[in-house]
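These are the residues of each chain, in order.
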Amino acid sequence: MARKEGAISEEANVAAAAVAATATTAEVFENNPLRDPRDKRLPRVAGPCVLVLFGVTGDLAKRKLLPAIYDLGNRGLLPPGFSLVGFARRDWAHEDFAQVTYEAVKQYARTPFRDEVWKQICEGIHFCPGEFHDEGAFDVLAMMLKEIDETRGTGGNYAFYLSVPPKFFPTVVEQLKRTGLAQAPDGSWRRVVIEKPFGHDLKSAQELNAITSAVFPESSVFRIDHYLGKETVQNILALRFANTLYEPIWNRGYVDHVQITMAEDIGIGSRAGYYDGIGAARDVIQNHLLQLLALVAMEDPTSFDAHSLRREKEKVLKAVRLPDDLGLGTTRGQYTAGWQGGESVIGYLEEQGIPADSMTDTYAAIRLEVANRRWAGVPFYLRAGKRLGRRVTEVAVVFERAPHLPFSKDDTEILGQNALVIRVQPDEGITVRFGSKVPGTAMEVRDVSMDFAYGESFMESSPEAYERLLLDVLIGDPPLFPHQREVELSWEILDPIEEYWATHGRPEGYPAGTWGPPSADAMLARDGRVWRRL
Ligand code: BG6
């Protein structure tokens, strides 16, 4: 394969292939200086493989994917022969892509920069220039991968990561089929990774799926919902099913309601092309928030294999009920000019690339119920928005008030409801809120909090969601990837709401830096409740 002067030598590649073949998981693990010495379990390490990244020039690659690859390497979770191939419409040589990767790693990697790790990753970096419809470019890609197998011992194992707008999926998938790259020879594997949005409604999601499933079997398709890769989200299952404390009260007998919030302080930045016409509900409620709801509401799976986990989530999504009156039980907003972090910011309609009459929601709130024995009658309030007061994602399980308070009314006047709050981000952890006696001569009772913070309890900072998910793709471990059925069930929930909104006026304005439109407060007030103050 042609390389510029000064490129990574073939000898180095062959040497890496030799290491790949001989280094054991235990050695890679033992020799890793980032290892927590208390951790005695062998980690899950990827075997020899190539990750082919389509869309390397995008923001996701720069901020998340390339740094995550480095972080995995730094944690000793990639085999020495691991190779990364970038594919994009750029006149780059391998070294140019290596430089782009280097800069992304320097700027965004979570773990410290170590020359020896970078050197090893860099040796496996390749670039294939081309456009998605260009058959010649895919032929070159196929040849390149064959050569990589020979020089780096990657064994014909390829993961194709489509970090590209969905309109390109059919072309790329078709090219992978035509070149035979989608077909795994015996003893090797081929996987395809797709990023949300998985369509913009049920119909388009099914069409999209038909394209990939015509070429890749379902077991080779990895759909990324990066919220499932977050440690705090996975911890919902540990909290519920590894303890005895919470599960007995995790039901309609004790839970008054659940609030799931994903608030962002950022606007849409340079993403007008993607975001306009999509909006908050399709962007994050259809996927991230409904997945959170499913994890909070599901029954315990018989095991944590993909099949059992997905089946329980599917049951919840199937049981979700929309409000009878979509006008009262849902609301949406659009940010107007305001103040954020002491600076004045423009409104959504003034953002670059947004039509002056755009109807896109930048805030959405929905009241759902889960019609089953455990949850009947318990509202699940979901809200998500851009340009809100601050960045915070949390799940708050709010409990019923005590049935009887043997105190004077004055003493419990400001006592709230017990709550268990799973702080997804930032400041990851769990808070339990309960009433406590105020020190003094009276029996005054007031809310206090008990906190668990990841940062204090664990030595290592939590891996980024993409580290976990990329590793799982390379290992071929599917539990953290939604099945197509979950995607479709989520659209079945959202489609009627979107249809209703499309024919009922426009989103209500809310100034940037506030907590959404007044109609969102009114929605909860009708139920005698308030949104948590964040
Ligand atoms: C993405 C959405 O899925 O999640 C973005 O498309 C959003 O609009 C992002 O900003 C938020 O992710 P995180 O991990 O920062 O909460």
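Residues numbered from 1 in each chain as written. Predicted model: local features only at pLDDT ≥ 70, side-chain atom pairs only at ≥ 80, totals over all residues. Heavy atoms only, no water.

1. Quick look at the overall build of the protein
Let me state the cut-off plainly: Numbering of helices and strands runs from the N terminus, with a helix taken as a DSSP run of H or I at least four residues long and a strand as a DSSP run of E at least two residues long. As defined in this context, the radius of gyration uses C-alpha atoms, and a globule is described by 2.2 Å times the residue total to the power 0.38. Note on classification: 1.4 Å probe, protein chains only; a residue is buried when its accessible area is under 20% of the maximum for its type, exposed when over 50%, partly exposed between these limits.
The secondary structure content of the protein amounts to 17 helices and 18 strands. For the protein, whose C-alpha radius of gyration is 25 Å, the value lies close to the compact-globule estimate of 24 Å for 534 residues. The principal-axis extent of the C-alpha atoms belonging to the protein is close to 80 × 55 × 45 Å. In the protein, which comprises 534 residues, the proportion classed as buried is 53%.

2. Considerations on the site of the ligand
The test is simple: Whether a residue is near a molecule or strand depends on its heavy atoms: it is near if one of them lies within 4 Å of it. Whenever a nitrogen or oxygen atom comes within 3.5 Å of another N or O atom, the pair is scored as a polar contact, on the condition that within protein one atom can donate a hydrogen and the other can accept it, and that pairs from neighbouring residues in sequence are kept only if both atoms are in side chains. Here the accessible surface of atoms and residues is derived via Shrake-Rupley with a 1.4 Å probe, and residues count as covered only by protein chains that are part of the display. In this classification, Asp, Glu, Lys and Arg are treated as charged, Ala, Val, Leu, Ile, Met, Phe, Trp, Tyr, Cys and Pro as nonpolar, and every other residue, Gly included, as polar.
Surveying the vicinity of the ligand reveals 13 residues, the closest of which are Tyr-227, Lys-230, Glu-264, Asp-283 and Gln-425. Take Lys-196: an N or O atom from its side chain is 2.8 Å from an oxygen atom of the ligand. The separation between an oxygen atom of the ligand and a polar side-chain atom of Gln-425 is 2.6 Å. A total of 400 Å² of accessible area belongs to the ligand in isolation, and the protein chains cover 84% of it. The dominant element in the shell around the ligand, judged by the number of residues it contributes, is helix 11 (residues 279-297), at 3 residues. Here the shell around the ligand is built from residues that sort into 3 nonpolar, 3 polar and 7 charged.

3. Some points on the nonpolar core
Applicable threshold: Side-chain atoms within 4.5 Å are what join buried Ala, Val, Leu, Ile, Met, Phe, Trp, Tyr and Cys residues into a set we call a nonpolar core. Contacts are residue-level and defined by heavy atoms, with any inter-residue pair within 4.5 Å sufficient.
Core analysis: the biggest nonpolar cluster contains 146 residues, and Phe-54, Leu-141, Leu-145, Phe-160, Leu-162 and Phe-380 have the highest contact counts within it. Of all the elements, helix 11 adds the most residues to this core, at 12 residues. Ignoring sequence-local partners within four residues, the contact set of Phe-160 consists of Val-52, Phe-54, Leu-145, Leu-176, Leu-181, Arg-190, Arg-191, Val-192, Val-193 and Phe-216.

4. Looking at the pairing of strand 9 (residues 330-336)
Walk down a regular strand and you will see the side chains alternate between the two sheet faces. To keep it simple, the criterion reads: Should DSSP find at least two bridges between two strands, the strands are regarded as paired.
In terms of burial, strand 9 is largely enclosed, as 6 of its 7 residues are buried. Of the strand pairs in this sheet, strand 9 and strand 18 (residues 508-511) are connected by 4 bridges, and their pairing is parallel. Note that in strand 18 the partner of Gln-334 across the bridge is Gly-509.

5. Notes on the side chain of Lys-313
Tracing the backbone shows Lys-313 in helix 12 (residues 306-319). Lys-313 gets classed as buried once you look at its relative accessible area, which sits at 1%. Within polar-contact distance, the side chain of Lys-313 engages the side chain of Glu-486 at 2.9 Å. Residues within four places of Lys-313 in sequence aside, it is in contact with Leu-228, Gln-291, Ala-294, Leu-295, Met-298 and Glu-486.

6. Examining the UniProt feature "domain: Glucose-6-phosphate dehydrogenase NAD-binding" (unreviewed entry) in the protein
What counts here: UniProt positions are given in the numbering used here, feature names are shortened, and annotations may be inferred rather than shown by experiment.
When the UniProt feature table is mapped to this numbering, "domain: Glucose-6-phosphate dehydrogenase NAD-binding" (unreviewed entry) covers residues 52-235. Each end of residues 52-235 is marked by a C-alpha atom, and these two atoms are 30 Å apart; helix forms 46% of the span and strand 16%.

7. Some details on the state of the cysteines
How we decide: Note on disulfides: each one is a pair of cysteine sulfur atoms within 2.5 Å.
One pass over the full model with this rule turns up 0 disulfides. Note on Cys-49: no disulfide assigned, nearest cysteine sulfur contributed by Cys-122 at a separation of 17 Å. Residue Cys-49 is classed as buried on the basis of its relative accessible area, which comes to 0%. For the unlinked cysteine Cys-128, the closest cysteine sulfur is that of Cys-122, found at 18 Å.

8. Some words on the pattern of salt bridges
Put simply, the rule is: Counted as salt bridges are all cases of a side-chain nitrogen of Lys or Arg within 4 Å of a carboxyl oxygen of Asp or Glu.
Scanning all chains against the criterion turns up 30 salt bridges. A salt bridge links Glu-486 to Lys-313, with the nearest nitrogen and oxygen atoms 2.9 Å apart. With Glu-486 in helix 16 (residues 484-502) and Lys-313 in helix 12, this pair connects stretches of sequence that are 173 residues apart. One salt bridge connects Arg-423 with Asp-451, and the closest N-O pair in it is separated by 3.3 Å. In this pair, Arg-423 sits in strand 15 (residues 419-425) while Asp-451 sits in strand 17 (residues 445-453), placing the two residues 28 residues apart along the sequence. A network of salt bridges, in which partner residues are shared, links Asp-256, Arg-367, Glu-369, Asp-527 and Arg-529.

9. Some details on the packing of helix 12 against helix 16
To keep things clear, this is the line we draw: Comment: axis = line fitted to C-alpha atoms, over the contacting stretch for helices; angle = value between 0 and 180 degrees taken between N-to-C directions. Should an angle lie under 35 degrees it is considered roughly parallel, over 145 roughly antiparallel, and from 65 to 115 roughly perpendicular; all remaining angles are considered oblique. For any helix crossing, the convention is left-handed if the near helix is rotated counterclockwise from the far helix by under a right angle, and right-handed if that rotation is clockwise.
Remark: helix 12 packs on helix 16, axes separated minimally by 9 Å, with the N-to-C direction vectors making an angle of 15 degrees. Between helix 12 and helix 16, the angle is such that the two are roughly parallel. Between helix 12 and helix 16 the crossing geometry is left-handed. Packed against helix 12, whose contacting residues are Arg-310, Lys-313, Glu-314, Leu-317 and Lys-318, the element helix 16 presents Arg-485, Glu-486, Leu-489, Ser-490 and Ile-493 at the interface. A class-by-class count of the residues in the contact of helix 12 with helix 16 yields 3 nonpolar, 1 polar and 6 charged.

10. Details of the packing of helix 6 (residues 135-152) against helix 7 (residues 169-178)
Relative orientation and spacing of two packed helices are given, respectively, by the angle between their axes and the distance between those axes. At a minimum axis distance of 10 Å, the contact between helix 6 and helix 7 shows a crossing angle of 55 degrees. In terms of orientation, helix 6 and helix 7 fall into the oblique class. The handedness of the crossing between helix 6 and helix 7 comes out as right-handed. Across from Glu-135, Phe-138 and Asp-139 in helix 6, the residues of helix 7 making contact are Val-172, Gln-175, Leu-176 and Arg-178.

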